[in-house]
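# Secondary and tertiary structure notes
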Amino acid sequence: MTSITVEGVSKHFRQMDGSRLDVLEEVSLATDENDFVCILGPSGCGKSTLLNIIAGLEPPSSGSVQVGGPGEETNVCFVFQEPRLLDWRTVRQNVELALQGKGVPKAEWDERIQTYLELVGLDDFEGEYPRSLSGGMKQRVAIARAMAVEPDVILMDEPFSSVDEITARTLREDLVDIWQDQERTIVFVTHNAIEATYMANRVLVMSHRPSSVIVDREVGIPRPRSVDDPELIQMAEEFVERLETRARTQT
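In this report, the structure presented in the accompanying data block is examined. (Residues numbered from 1 in each chain as written. Predicted model: local features only at pLDDT ≥ 70, side-chain atom pairs only at ≥ 80, totals over all residues. Heavy atoms only, no water.)

## Describing the sheet that holds strand β3 (residues 36–40)
Put simply, the rule is: A pair of strands counts as paired when DSSP detects no fewer than two bridges linking them. In this description a helix means any DSSP run of H or I spanning at least four residues, a strand means any run of E spanning at least two, and both kinds are numbered starting from the N terminus. Angular values range over 0 to 180 degrees, each being the angle between N-to-C directions of two axes fitted as lines to C-alpha atoms, with helices fitted over their stretch in contact. Residue contacts are defined here by distance: any two heavy atoms, one from each residue, within 4.5 Å place the two residues in contact.
In spatial order, the strands read β5-β6-β7-β3-β8-β9; together these six strands make up an open sheet with mixed pairing. Edge positions in the open sheet fall to β5 (76–79) and β9 (213–218), since each of these has one partner strand only. Along the sheet, successive strands turn relative to each other by an average axial angle of 15°, direction set aside. Across five bridges, strand β6 (residues 153–157) lies against strand β7 (residues 185–190) in parallel orientation. Of the residues in β7, the one forming a bridge with V153 is T185. On the sheet, helix α4 (residues 135–148) packs against β5 and β6 and is oriented at approximately 175° with respect to β5.

## Points about the pattern of salt bridges
The condition that has to hold: For salt bridges, the criterion is a side-chain nitrogen of Lys or Arg within 4 Å of an Asp or Glu carboxyl oxygen. Summary of the burial criterion: residues with accessible area below 20% of their type's maximum are buried, those above 50% are exposed, and those between are partly exposed, where the area comes from a 1.4 Å probe applied to protein chains only.
Applying the stated criterion to the full structure yields 15 salt bridges. Note that R20 and D22 form a salt bridge whose closest N and O atoms lie 2.8 Å from each other. For D22, a relative accessible area of 31% corresponds to the partly exposed category. Here R172 ties to E195 by a salt bridge, and the two come within 2.8 Å at their closest N and O atoms. In this pair, R172 sits in helix α5 (residues 165–182) while E195 sits in helix α6 (residues 193–199), placing the two residues 23 residues apart along the sequence. As far as the burial class goes, R172 and E195 line up, both buried. Several salt bridges share partner residues, and in doing so they unite E165, R169, R172, E195 and D228 into one network.

## Some points on the sheet that holds strand β2 (residues 20–30)
One open sheet holds the three strands; their spatial order is β2-β1-β4, and the pairing between them is antiparallel. Whereas interior strands pair on both sides, the edge strands pair on one side only; in this sheet they are β2 and β4 (62–67). Each adjacent strand pair in this sheet contributes to an overall mean axis angle of 20°, direction not counted. Of the strand pairs in this sheet, strand β1 (residues 4–14) and β2 are connected by seven bridges, and their pairing is antiparallel. Paired with H12 across the strands is D22, a residue of β2. Packed on one face of the sheet, helix α1 (residues 47–55) meets β1, β2 and β4 and runs near 120° to β1.

## Looking at α4
The condition that has to hold: Multiplying one less than the number of residues by 1.5 Å gives the expected span of a helix.
With 14 residues, α4 should cover 20 Å at 1.5 Å per step; its first-to-last C-alpha distance of 20 Å lies within 8% of that length. Within α4, burial applies to G136, M137, Q139, R140, V141, A142, I143, A144, R145, A146, M147 and A148. Tucked into the core, α4 has its buried residues touching β5, α2 (91–101), α3 (109–119), β6 and α5. One or two steps after α4, the chain reaches E150, where phi turns positive at roughly 50°.

## What to know about unusual backbone geometry
For the bond from R209 to P210, the omega torsion is -5°, close enough to zero to count as cis. Along the chain, P210 falls in the loop between β8 (202–206) and β9. Cis geometry marks the peptide bond from R223 to P224, where omega comes out at 0°. The residue P224 is located in the loop between β9 and α7 (230–250) in this model. Residue E26 is not a glycine yet carries a positive backbone phi of 50°. Phi at E183 is positive, roughly 55°, even though this residue is not glycine. Structurally, the position occupied by E183 is in the loop between α5 and β7. Assessed through its relative accessible area of 41%, E183 is described here as partly exposed.

## Describing the packing of α4 against α5
What counts, and what does not: The scheme is simple: roughly parallel for angles under 35 degrees, roughly antiparallel for over 145, roughly perpendicular for 65 to 115, oblique for anything else. Should the near helix be turned anticlockwise from the far one by less than a right angle, the crossing is termed left-handed; should it be turned clockwise, right-handed. Residues were grouped as follows: Ala, Val, Leu, Ile, Met, Phe, Trp, Tyr, Cys and Pro as nonpolar; Asp, Glu, Lys and Arg as charged; and all remaining residues, including Gly, as polar.
One can describe the packing of α4 onto α5 by two numbers: an axis separation of 11 Å at closest approach and a directional angle of 15°. When the axes of α4 and α5 are compared, the pair comes out roughly parallel. For α4 against α5, the interelement crossing comes out right-handed. Across from G136, Q139, R140, I143 and M147 in α4, the residues of α5 making contact are T167, T170, L171, D174, I178 and Q182. Split by residue class, the contact of α4 with α5 holds four nonpolar, five polar and two charged.

What follows is the structure, given as structure tokens:
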């Protein structure tokens, strides 16, 4: 189990015309071990950029990121908005590719593939190709692929935004069950306030660009939760209202 510490991270990019685009401004966050943190914010505010920085895919312009303890080797996996499966590989072969990439001994593949496909309810589909799967099933494969390498941290970038709401509800419930069973640290990016409040231990609300954290709040609603719970809905509405208030002051 691994914690994450982000301290004073800012990020800017140089645009084609030479001007500077400020995306993140002094962003700080800290997770506990086996935490589930949702980063909530409007499209284009830099949520995905922050995930890329945590993953080590993008350097911060300033500030620091620590995943795990000093000198500790950590295994970080990404689940993207689109499943990013290879259509010419079966479900099993897509998971195998991740195991191979992480250097997992081949002797462990069968057990891991069976375990994690069963965990997402797709153990009967390992020989199918992605073209024959629904959008929700493809995203389940992506989750199984990430879990199979047994990561310390899973970073998820709006993974349910491309499926219908009925499917998304089921995937949210399943992800929470998997997280509770597997004890991983999850950082989940979304622009859906109900989704964030339903799943997370803590919600961080990020402002419009240049983005900073304007709310860092424990959810505190007992599990299992319902998306129809008035307390949950009220909290989600408060997050949106805070964001709208901040947006008005920025204009």
